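Structural features, examined
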Amino acid sequence: MKLSELAELTFSAIESGSPDLEISGAAGLDRAGSSDITFLANPKYTPQIRDTKASAIFLNEGVEPGSNDVAVIRSKDAYLAYTRALRAFHPDKPIDRGVHPSAVIDSTSTISKDVEIAANVVIGRNCNISPGVRIFPNVTIYDGVNIGENSVIHSGVSIRENCEVGRNCIVHNNSTIGSDGFGYAKDEEKRWVKIPQVGRVVLEDDVEIGANTAIDCASVGETRIKRGAKIDNLVQIGHSCTIDEDALICSQTGLAGSSVIGKRVILAGQVGIAGHLKVGDDVVITAKSATSHDIEPGKVISGIPGFDNKEWLRSTAAFRRLGEIVQRIRALEKKVS
Amino acid sequence: MKLSELAELTFSAIESGSPDLEISGAAGLDRAGSSDITFLANPKYTPQIRDTKASAIFLNEGVEPGSNDVAVIRSKDAYLAYTRALRAFHPDKPIDRGVHPSAVIDSTSTISKDVEIAANVVIGRNCNISPGVRIFPNVTIYDGVNIGENSVIHSGVSIRENCEVGRNCIVHNNSTIGSDGFGYAKDEEKRWVKIPQVGRVVLEDDVEIGANTAIDCASVGETRIKRGAKIDNLVQIGHSCTIDEDALICSQTGLAGSSVIGKRVILAGQVGIAGHLKVGDDVVITAKSATSHDIEPGKVISGIPGFDNKEWLRSTAAFRRLGEIVQRIRALEKKVS
Amino acid sequence: MKLSELAELTFSAIESGSPDLEISGAAGLDRAGSSDITFLANPKYTPQIRDTKASAIFLNEGVEPGSNDVAVIRSKDAYLAYTRALRAFHPDKPIDRGVHPSAVIDSTSTISKDVEIAANVVIGRNCNISPGVRIFPNVTIYDGVNIGENSVIHSGVSIRENCEVGRNCIVHNNSTIGSDGFGYAKDEEKRWVKIPQVGRVVLEDDVEIGANTAIDCASVGETRIKRGAKIDNLVQIGHSCTIDEDALICSQTGLAGSSVIGKRVILAGQVGIAGHLKVGDDVVITAKSATSHDIEPGKVISGIPGFDNKEWLRSTAAFRRLGEIVQRIRALEKKVS
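Residues numbered from 1 in each chain as written. Chains lettered and ligands numbered in written order. Predicted model: local features only at pLDDT ≥ 70, side-chain atom pairs only at ≥ 80, totals over all residues. Heavy atoms only, no water.

Some details on the overall build of chain A
Put simply, the test is: Under the DSSP-based scheme used, a helix requires at least four consecutive residues in state H or I and a strand at least two consecutive residues in state E, with every element numbered from the N terminus. The quantity called the radius of gyration is restricted to C-alpha atoms. Its globule counterpart is 2.2 Å times the number of residues to the power 0.38. Relative accessibility under 20% of the residue-type maximum defines a buried residue, over 50% an exposed one, and the middle range a partly exposed one, all with a 1.4 Å probe and only protein chains included. Contacts were defined at the residue level, with two residues in contact if any of their heavy atoms lie within 4.5 Å. Here the Shrake-Rupley method, with its probe set to 1.4 Å, supplies the accessible areas, and only the displayed protein chains count as covering residues. In this tally, Lys and Arg are treated as positive and Asp and Glu as negative; His is ignored, and so are the chain termini. Working definition for charges: the position is that of NZ of Lys, CZ of Arg, CG of Asp or CD of Glu.
Secondary structure assignment for chain A yields four helices and 38 strands. Its C-alpha atoms give chain A a radius of gyration of 25 Å, more than 25% over the compact-globule value 20 Å for 337 residues. For the C-alpha atoms alone, the extent of chain A along its principal axes is close to 85 × 75 × 30 Å. Out of the 337 residues belonging to chain A, those deemed buried represent 58%. For chain A, restricting intrachain contacts to residue pairs at least 6 apart in sequence, the fraction spanning at least 24 positions comes to 17%. Split by element, the accessible area of chain A, about 13,200 Å² in all, is 49% carbon and sulfur. Of the charged side chains in chain A, 38 are positive and 43 negative, and the gap between their average positions amounts to 7 Å.

Topic: the relation of the copies chain B and chain A
Worth spelling out the cut-off: Copies are brought into register by a least-squares superposition over C-alpha atoms of residues with pLDDT of at least 70 in both.
Mapping chain B onto chain A calls for a screw motion: a turn of 120° about the axis and a shift of 0.0 Å along it, with 0.0 Å RMSD after fitting. Taken together, the turn and the small shift mark the pair as related by a three-fold rotation axis.

Here's the deal with the side chain of Ser175(C)
For Ser175(C), the location among the structural elements is in the loop between β18 (170-171) and β19 (176-179). Looking at Ser175(C), the relative accessible area reads 0%, which means it is buried. Contact partners of Ser175(C), with chain neighbours within four places excluded, come to Asn174(A), Asn212(A), Gly156(C), Val157(C), Ser158(C), Ile209(C), Gly210(C), Ala211(C), Asn212(C) and Thr213(C).

Quick look at the sheet that holds strand β31 (residues 260-261) of chain C
For the record, the criterion: Pairing between strands requires that DSSP locate at least two bridges from one strand to the other.
The sheet built from nine strands is open, its strands ordered β8-β11-β14-β17-β22-β25-β28-β31-β34 (chain C) with parallel pairing. The sheet terminates laterally at β8 (110-111) and β34 (278-279) of chain C, the two strands that pair on one side only.

Comments concerning the pattern of salt bridges
Note the following rule: Every case where a carboxyl oxygen of Asp or Glu lies within 4 Å of a side-chain nitrogen of Lys or Arg is listed as a salt bridge.
One pass over the structure, following the stated rule, counts 66 salt bridges over all chains. The partner of Arg74(B) in a salt bridge is Glu64(B), and the shortest N-O contact between them spans 3.9 Å. Placement of Arg74(B) in strand β5 (residues 71-75) and of Glu64(B) in the loop between β4 (56-60) and β5 is noted, with a sequence separation of ten residues between them. Taking the relative accessible area as the measure of exposure, Glu64(B) reaches 56% and is therefore exposed. Among the ionic contacts, a cluster of salt bridges with common partners joins Arg160(A), Glu161(A), Asp180(A), Lys194(A) and Glu208(B).

Remarks on the sheet that holds strand β25 (residues 222-225) of chain B
The strands making up a sheet are joined through hydrogen bonds of the backbone, oriented either antiparallel or parallel. Residues and elements named next belong to chain B. Reading across from one edge, β8-β11-β14-β17-β22-β25-β28-β31-β34 is the order of the nine strands in this open sheet, with parallel pairing throughout. The sheet terminates laterally at β8 (110-111) and β34 (278-279), the two strands that pair on one side only. Relative to β25, strand β22 (residues 200-203) runs parallel, the two sharing four bridges. Counted as the bridge partner of valine 202 is arginine 224 from β25.

Details of the interface of chain A and chain C
Rules: Accessible area that two parts lose when put together, evaluated with a 1.4 Å probe and summed over both, is termed the buried area. Two N or O atoms form a polar contact when they lie within 3.5 Å of each other; inside protein one atom must be a possible hydrogen donor and the other a possible acceptor, and for residues adjacent in sequence the pair counts only when both atoms belong to side chains. Residues are sorted three ways: Asp, Glu, Lys and Arg are charged, Ala, Val, Leu, Ile, Met, Phe, Trp, Tyr, Cys and Pro are nonpolar, and all the rest, Gly among them, are polar.
On the side of chain C, 72 residues touch chain A, which itself brings 67 residues to the contact. Between chain A and chain C, the buried area comes to about 5,200 Å², and carbon and sulfur atoms account for 59% of it. Among the residues of chain A in contact with chain C, Lys288(A), Phe319(A) and Arg320(A) are the three that bury the most area, contributing 11% of the side total. Here chain A is connected to chain C by four salt bridges. Arg84(A) is the salt-bridge partner of Glu188(C), the closest N and O atoms lying 3.0 Å from each other. For the pair chain A and chain C, the number of links is 32 residue pairs in polar contact (both at pLDDT 80 or more). Going through the elements one at a time, α2 (78-89), β26 (230-231), β29 (248-249), α3 (309-320) and α4 (322-336) of chain A are the ones with two or more residues in the side of chain A that touches chain C. At ten residues, the largest contribution of residues to the side of chain A that touches chain C is made by α4(A). Looking at the side of chain A that touches chain C, its residues break down into 28 nonpolar, 21 polar and 18 charged.

Re a negative patch on the surface
Residue and element names in this part refer to chain A. Spelled out, the test is: Each patch is built from salt-bridge-free residues with over 30% relative accessible area, joining like charges within 9 Å and nonpolar side chains (Val, Leu, Ile, Met, Phe, Trp, Tyr) within 5 Å.
Taken together, Glu5, Glu8, Asp20 and Glu22 make up a surface patch of like negative charges. Examined against the element boundaries, glutamate 5 turns out to sit in helix α1 (residues 3-9). Judged by its relative accessible area of 42%, glutamate 5 is partly exposed.

Some points on the interface of chain B and chain A
With 67 residues of chain B at the contact, the number on the chain A side is 72 residues. Buried surface at the junction of chain B and chain A, both sides included, amounts to about 5,200 Å², of which 59% is carbon and sulfur. When the buried area of chain B at its contact with chain A is split by residue, Lys288(B), Phe319(B) and Arg320(B) rank highest and sum to 11% of it. Taken together, chain B and chain A are joined by four salt bridges.

Okay, here's the thing in structure tokens:
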């Protein structure tokens, strides 16, 4: 691909270098080879530009490439431009149309002719598999499941009764969509009585679910992951939660039941969200934090339980010296008495 | 179902409304339709009674329904009564008796005629599958496994060598029962030597295991989950642990090896339990807490490391103001000197 | 096995007891039967020696067995000696050579004749399965995967495109090797654009991966788990991480992308490691701790965020009394004013 094509594709402008320069791949500063394009997003890595072998680089406005005679493409967002370049070099593989003879598909299900269904996939009753869908081996789809156009279900995934997967979704390996919510009532003898979990999970369009993640169905009603939300590996989404559009939920985060996560919220790794609460749009909760209260839109929250991130930074700085602080109080008490 | 039948079934009494009122389902206050029964357990939601479309409601003693002319059923425990009603409307599906021809079952195993074994299930040598068992697709059962009456094994589950599953158990999708414990000794060159893990896991009757959970076998002996214990998704149970009856272990909680969790203990989400310790009966450990010490029966514990929940609440309240507290100490020091 | 053989095998010396004593197994102090050998590693359990039924015991130098007339074998490291004895009693099962007829293997892949491939295994294009490999049922191996000699892949595992598994590795059930890293750029409309994840995962020799663990491939390049590293259940390894030799990563720990974990590092349970950082050789991070900074070799780190373990112990001790400490400050302020 020519540099000029890459610039056009990424809505960027060539600042230096030949428009006819041939670029054959994209990679990070340290990995890029001599025919690759690279990028700088974090100013911390600016010194690495000097050493990169890349022949072109995406740079944000105002960033100087230094001594390296690398071709420069200016972008509003170098990281986004790089992502688009990488996508151009690695387009999605077209489906390998067909149903493997070892797949077991109930005759009541409707399977488009334009699907790829691999070996040992099992599909139950009354399902609907849309055109462009790719299902990898050893996937189990229970009764009544719909899978929308161009979605990809990786090996080992289970999709439970009546769940719905939208268009252009990806579900990575060994994840579970629609397992029973964790709900019990205590009986007169203090034993647990299971509350039926007869709801379902809906993944809207453009949702991606990582590997080994579990999303529970609602007891009654639905758990809903809205358009464009992205969920990482080993995440727990409890019954009846709603994850709003473009939210990002990082690995090992867990949500108890019935919570609502707003648009574009970022939950970093290993975060915990208690049940029945509301996290407003554009909130960021930093890694390993937790909340058992609602959070207003736009806040950045840290700690267990979580509070304002800046206050938390002050508190944790003081916490490190807490042993010494206690000694200072003791000294004061001595002096004063 | 008539209101009178529901009352009888749930050991409750009709306070207002016709005993012949027809109820066709059960749902929460906000979801219930006009022929549903609902419930109020948490007083916080009392105002919602006014707006519910339900035609009947389970209420605890002393709770007033307000202006709504909904039929009232009085219960000792409205949540338990609702659970029983929901169960009546959603009885367990009877098994669809038969073994799918694609299942691969070793001839040395004993399979009851009254089982449902789905497509692509693999069962090893010398297993015993009891009447009423349902095994969903793509399950792998290793050699020497026993599964008791009426248990349900969901798709993608692996049950390792010699494990035992009791009666009326449910194991959700992609969980692993009996994988090797994580045990190594360090050799003379500081490399890890694997300690053989030749024990097993026993799930007693009425145990439920969530999705994507891992329960390790013992090195020698057994890991045991006792009658009625409930374990959520993505939980880690280390080798040789014992979980006593009716314990409740919430999502993403992890137990290192050889710990003993008492009867009716509740471990909330993302809790950590170190190895070789004893958590007494009826202990509650709140979300994201951890303990590396034994805990006496009946305690409520929070924090990392965990201590008394009330003290912890005071400490965390102070922690939020720790930056300010340090300034107050500085001011005091100035004044005193 | 004779006591003398066990002593030789474990590089230990018989101190008391007949060299011809027949030992038939190995187990812990409390579990050992009358023909077993046991061990004492933790002095805390010394009193249990009195009650053990074992007929022989591995003891470190200087430890007295007390009144029990058990045969004593002296070892430099009793735990290591016990491990070796246990391994002698439980040697790895030889493979049951053959490929099950239900396995679906692409004709472009090279499968050694000396392998055991179980029912419903699916292997894609251009893979290479070496001698001595055992693959349990319902495993899915994508295109271009190499598996080295004598490695064991347990049921339900997925190994994604182009990954490499070294020799003598074990991957436990339902784990995912090589799922997409969690990487997105934000576009002009604040929607997430997926960054292609076209790298791979390399497990070097002697690596063990627990159950339900997820290891992401790199976007470009590789995620590498080096020789002898051991990873527990439900662990998250983000894209482009490097885990160096003999590191030990306990259950439910998570690593964001591009971090480097040094040799012999121990990350205890539920630890969190932020992205793009370096944890030096021989570091220990205690359970539930986290770091977002590099850590120098040899440090022991605790807390969120983590700092020196000894300081942290002082701080947490003070934290427990933080409510009281605030009252003491208040009292001081009163006195001083």
